[in-house]
Protein chains: 2
Amino acid sequence: MLTGIEQDALRRALEIAADPAVPLGPNPRVGCVLLSPAGVFLAEGHHRGAGTAHAEADALDRATAPLSGATAVVTLEPCAHVGRTGPCADALIAAGISRVIIARRDPNPVATGGLERLRTAGVDVELAVPEHLAAAAAELNRGWEHGLRHQRPLVTAKLALTLDGRAAAADGTSRWITGPAARAEVHAMRTTCDVVLVGAGTARLDAPTLTARRHDGTLHPRQPVRAAMGTGAVPELPSPEGAGEAFTLRTHDPSDALAALFERGLRHVLLEGGPTLAAAFLRAGCIDELIVHLAPTLLGAGPPGLADLGITTIADRLDLDLVDVAPLPPDLRLTLRPRTA
Amino acid sequence: MLTGIEQDALRRALEIAADPAVPLGPNPRVGCVLLSPAGVFLAEGHHRGAGTAHAEADALDRATAPLSGATAVVTLEPCAHVGRTGPCADALIAAGISRVIIARRDPNPVATGGLERLRTAGVDVELAVPEHLAAAAAELNRGWEHGLRHQRPLVTAKLALTLDGRAAAADGTSRWITGPAARAEVHAMRTTCDVVLVGAGTARLDAPTLTARRHDGTLHPRQPVRAAMGTGAVPELPSPEGAGEAFTLRTHDPSDALAALFERGLRHVLLEGGPTLAAAFLRAGCIDELIVHLAPTLLGAGPPGLADLGITTIADRLDLDLVDVAPLPPDLRLTLRPRTA
């Protein structure tokens, strides 16, 4: 059980871990807050990407008061391995920390063992974190964890559809099918993924910048890498100042594309279109999560939001699990996951 | 304010008003419960369709104890006009009723005035009914009230769609896009409307019986009238034993069809398909409510659930108000209303 002060400290650790200046990719985002035995704030630290200090080391380094008997509140289990930095579990023990609160176990088989090392040293390790805080800690590093488990990036596909499944009107116009809330959410989604991927058709027709912008049009401090894929003519994505790096993947095969992105250290792909790319990834079983922004509007004609899946009869339909429905007035957000056999 | 006993009596009045043996159509469904001054149940009655006693008269007739000082709990304002039966307000007054609880005012300009008549006679009239019971009283006679206000039937359209807007797979198969809960709801909807209407294409391709069946396959006691419309060859709908009357409307014009149905005394139309009929009614502005059973499944190809609306550009899209979202696992029910200018 956590005290109210410890819960506040964990909320703060989650907040600093999510620092938008920290790149995503092959390193986890981690935050750490140190509290005195009486619950007084002593120091905080967070990881800032490959080659920089781990969150625990960062916090220990910033602390000025003695740490004997202090509590460390961390968003991820302290590591037990010597990588570019020493094992954090040992550093906490050496500093005299007597209680460690861990919001999320480390799924990395190379780094795990910190918990056991702490317990062996007599440190009181607390894992019973309130569910919503544990969920936030898991959410921080979804792509990173997926990469550890599956050796390929997590893929979230986003579709904006009318109620009758159209992505545009008969003349090709599509601005805007969804309302401001759904469009703002797309920009927010771009800040939580490593790379936004589009097909050659979308790159050609829409010439999208795929930047993450705030309501006022300014750029968010974290910008995703941007990629277009295809084997034919793929135009370069426009690159306004401040946009993330852009490149082209010379393949039409989803698995090849994901392998190339993983190789570059990218761990969470946001698939933004168009209908052909989404269909290719669905057919290849390469979509982990589908976000549909469903607009309560009808067109009756126009390009469908999803291209041919090679399905000819109802028994072969592609069933999904509907895991969440939320209002994004006037639209609806549906979160779905392909059913795993 | 109603006492707990009076609320129970109103729930009972609503229950008997909804007697499935009572036809829908041009007469409202009404229930009445009589309580002694001490709150003891004395009698109940309900209206059983054109030419039969009103609910109040039916209850008064069944009461054996003296009614002086008694309370009448009614789902609809007692009438003040002499139609096929006398004014119910007068009958309640003559019987010595001293309190009348009314769940819903009578929107019929010919029949209204009962409330004033009761108050003039010194009867305590209570309209402050709990919201959910007032809503149930309104729901009982939706079609009838709509007919009084608009001189045409209420039209509810039902669509079963995949997430990508398909009504069937490429080979035409569509059984089943939605799950058992959504399909059971369609049968329940058939019991609450006066007539189920389909287009010539659906009559030809599906030969639907359009009966209302229970989970076990048996017929519900109330069966809707069934109609198919079109100017070409419209096959007769199959008529298994116990099914409602079936007929053909020789028009392709939604307004003409609705006028003909209204003329027959039908007040609530359930539009069940297909895509062409739904589109024609939407284009004509003849749909009051759209129920979409959205299945979390993808087809990528196949006939769309809605035919051409004559919309060519995004600015002309047909926006709807999403008024309710409810789970019908594994599907979702969306309730929408066309936006009125």
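Residues numbered from 1 in each chain as written. Chains lettered and ligands numbered in written order. Predicted model: local features only at pLDDT ≥ 70, side-chain atom pairs only at ≥ 80, totals over all residues. Heavy atoms only, no water.

The name recorded for chain A in an unreviewed UniProt entry is Riboflavin biosynthesis protein RibD, from Brachybacterium sacelli. Taken directly from UniProt, the Function (unreviewed entry) text for chain A runs: "Converts 2,5-diamino-6-(ribosylamino)-4(3h)-pyrimidinone 5'-phosphate into 5-amino-6-(ribosylamino)-2,4(1h,3h)-pyrimidinedione 5'-phosphate." (UniProt positions renumbered as here; feature names shortened; annotations may be inferred.)

With that out of the way, let us pick up unusual backbone geometry. That bond from Gly-273 of chain A to Gly-274 of chain A is cis: its omega, 0 degrees, falls within 30 degrees of zero. Within the fold, Gly-274 of chain A resides in the loop between strand 10 (268-273) and helix 10 (275-283). Cis rather than trans, the peptide bond between Pro-329 of chain B and Pro-330 of chain B has omega equal to 5 degrees. Looking at the element boundaries, Pro-330 of chain B is found in the loop between strand 13 (318-328) and strand 14 (331-338). Here the phi dihedral of Ala-207 of chain B falls at roughly 40 degrees; this positive angle occurs in a residue that is not glycine. (Helix = DSSP H or I, 4+ residues; strand = E, 2+ residues; numbered from the N terminus.)

Okay, the relation of the copies chain A and chain B next. Of the transformation superimposing chain A on chain B, the axial component is 0.1 Å and the angular component is 180 degrees, with the fit at an RMSD of 0.1 Å. Read as a symmetry element, the transformation amounts to a two-fold axis. Rotation axis and chain A: the residue whose C-alpha lies nearest the axis is Gly-165 of chain A, separated from it by 2.0 Å. Most of the interface of chain A is mirrored in chain B, where 100% of its interface residues are also at the interface. (Least-squares fit on C-alpha atoms with pLDDT ≥ 70 in both. Contact = heavy atoms within 4.5 Å.)

Read from one edge of the open sheet, nine strands run 12(A)-13(B)-14(B)-11(B)-6(B)-10(B)-7(B)-8(B)-9(B), paired in mixed fashion. Edge positions in the sheet fall to strand 12 (297-298) of chain A together with strand 9 (246-249) of chain B, since each of these pairs with one other strand and no more. Of the pairings in the sheet, the one linking strand 11 (residues 289-295) of chain B to strand 14 of chain B comprises five bridges and is antiparallel in character. Directly across from Leu-290 of chain B, in strand 14 of chain B, lies its bridge partner Leu-336 of chain B. The sheet contacts of helix 6 (residues 142-150) of chain B involve strand 6 (154-162), strand 10 (268-273) and strand 11 of chain B, and relative to strand 6 of chain B the element is tilted by about 125 degrees. (Pairing = 2+ DSSP bridges. Axes fitted to C-alpha atoms, helices over the stretch in contact; angles between N-to-C directions.)

Three or more residues of helix 2 (residues 55-62) of chain A are buried, namely Ala-55, Glu-56, Asp-58, Ala-59 and Leu-60 of chain A. Contacts made by the buried residues of helix 2 of chain A are with strand 1 (31-35), strand 2 (41-46), strand 3 (71-74) and helix 3 (88-95) of chain A. (Buried < 20%, exposed > 50% of the residue type's maximum accessible area, 1.4 Å probe, protein only.)

Okay, helix 5 (residues 131-140) of chain A next. Residues and elements named next belong to chain A. Buried residues of helix 5: Leu-133, Ala-137, Ala-138 and Leu-140, and no others. Burial along helix 5 is one-sided: seen end-on, the buried residues are contained in an arc of 155 degrees. Among the exposed residues of helix 5, those pointing more than 90 degrees away from its buried face are Glu-131 and His-132. Tucked inside the fold, the buried residues of helix 5 contact helix 1 (4-17) and helix 6 (142-150). (Arc of directions from axis to C-beta.)

All names here are of chain A. Of note, Arg-29 is situated in the loop between helix 1 and strand 1. Although Arg-29 lies buried, it forms no salt bridge, and the closest oppositely charged side chain, Glu-139, sits 7.3 Å away as judged by the N-O distance. There is a polar contact of 3.1 Å between the side chain of Arg-29 and the backbone oxygen of Leu-140. Those residues within four positions of Arg-29 in sequence are excluded, and the remaining contacts are Ala-17, Ala-18, Val-22, Leu-24, Thr-75, Leu-140, Asn-141 and Arg-222. (Lys, Arg positive; Asp, Glu negative; His and termini not counted. Salt bridge = Lys/Arg side-chain N within 4 Å of Asp/Glu carboxyl O. Polar contact = N/O pair within 3.5 Å; in protein donor to acceptor, adjacent residues only side chain to side chain.)

All names here are of chain B. Tallied over the entire structure, the rule returns zero aromatic pairs over all chains. One cation-aromatic arrangement involves Arg-264 over Phe-247; the distance from NZ or CZ to the ring centre is 3.5 Å. Here Arg-267 stacks its cationic end above the ring of Phe-262, 3.7 Å away from the centre of that ring. (Phe/Tyr/Trp six-rings, centres within 6.5 Å; stacked < 30°, edge-to-face > 60°. Lys NZ or Arg CZ within 6 Å of the ring centre and 35° of its normal.)

On to the environment of Thr-191 of chain A, then. Residues and elements named next belong to chain A. Examined against the element boundaries, Thr-191 turns out to sit in helix 7 (residues 180-192). Taking the C-alpha atoms as reference points, Thr-191 and Val-73, 118 residues apart in sequence, are found 26 Å from one another. Sequence-distant contacts of Thr-191, that is, excluding residues within four places in its chain, are made with Leu-24, Ala-212, His-220 and Arg-222.

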